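# Examining the three-dimensional arrangement
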Number of protein chains: 2
Amino acid sequence: MKDDNTVFIGGKPVMNYVLAVVTQLNSGTSSEVVIKARGRAISRAVDVAEIVRRKFMPGLKVASIVTSTEEVARDDGTKSAVSAMEITLKQ
Amino acid sequence: MKDDNTVFIGGKPVMNYVLAVVTQLNSGTSSEVVIKARGRAISRAVDVAEIVRRKFMPGLKVASIVTSTEEVARDDGTKSAVSAMEITLKQ
């Protein structure tokens, strides 16, 4: 699983990421795409996966959903834990 | 899977839900608990699952994570789609 199959979800509108996922899957380089998000972007990641599956590629399957905790360094040097999620969609 | 094994995530502080999940699992009525959330509460649901697993019950396993889309009626009668997620934790 290489990073170029990965779409990182940030603060942009949901449709930007939906387009990125659909483009990735239609490019033919891979039959699967990994949607990654941390913190509050996790709910947006679920929105992206659901919209792609319902509106654009109905045959797409959720291969796996994995949650984890990552340590993020703050500007002042302290660390805080943030939840992360990876959704793998497969054709 | 009955509803009394279910913890619905809303807008309260994360630790309220962590306590609810731990209490549910320690009550002995079921070896698993289902964490449900919709929309923006989805990221909080992942936080709850991660904190319970990391800080309170390290042996706990994620039995499944399922996403879906639900239709919600607005006050004016129109409907909108909202993402939903269920995380099942198992002892």
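Summarised in this report is the structure supplied together with it. (Residues numbered from 1 in each chain as written. Chains lettered and ligands numbered in written order. Predicted model: local features only at pLDDT ≥ 70, side-chain atom pairs only at ≥ 80, totals over all residues. Heavy atoms only, no water.)

## Some points on the sheet that holds strand β3 (residues 61-73) of chain B
Residues and elements named next belong to chain B. Taken in spatial order, the four strands make up an open sheet running β1-β2-β4-β3, and their pairing is mixed. Of all the strands in the sheet, just β1 (6-8) and β3 have a single pairing partner and so form its edges. Neighbour-to-neighbour, the strand axes of the sheet open up by a mean angle of 20 degrees, direction not taken into account. Looking at chain direction, β1 and strand β2 (residues 32-38) are connected through three bridges and run parallel. Looking at β2, one finds that T6 is bridged to V34. Across the sheet, helix α2 (residues 41-56) is in contact with β2, β3 and β4 (79-90); its angle to β4 comes to roughly 5 degrees. (Pairing = 2+ DSSP bridges. Helix = DSSP H or I, 4+ residues; strand = E, 2+ residues; numbered from the N terminus. Axes fitted to C-alpha atoms, helices over the stretch in contact; angles between N-to-C directions. Contact = heavy atoms within 4.5 Å.)

## Re the relation of the copies chain A and chain B
Of the transformation superimposing chain A on chain B, the axial component is 0.0 Å and the angular component is 180 degrees, with the fit at an RMSD of 0.0 Å. The superposition of one copy onto the other is thereby described by a two-fold rotation axis. Taking the C-alpha atom as reference, chain A places S43 of chain A closest to the rotation axis, 2.7 Å from it. Comparing interface residues between copies, 100% of those in chain A also sit at the interface in chain B, which points to an isologous, same-surface contact. (Least-squares fit on C-alpha atoms with pLDDT ≥ 70 in both.)

## Structural notes on the pairing of β3 of chain B
All names here are of chain B. Note that β3 and β4 share twelve bridges and pair antiparallel. Looking across to β4, one finds that K61 is bridged to K90. The antiparallel hairpin formed by β3 and β4 contains five residues in its connecting segment, where G77 sits at a positive phi of about 95 degrees.

Remember, this is a structural readout, not a statement about activity or role.
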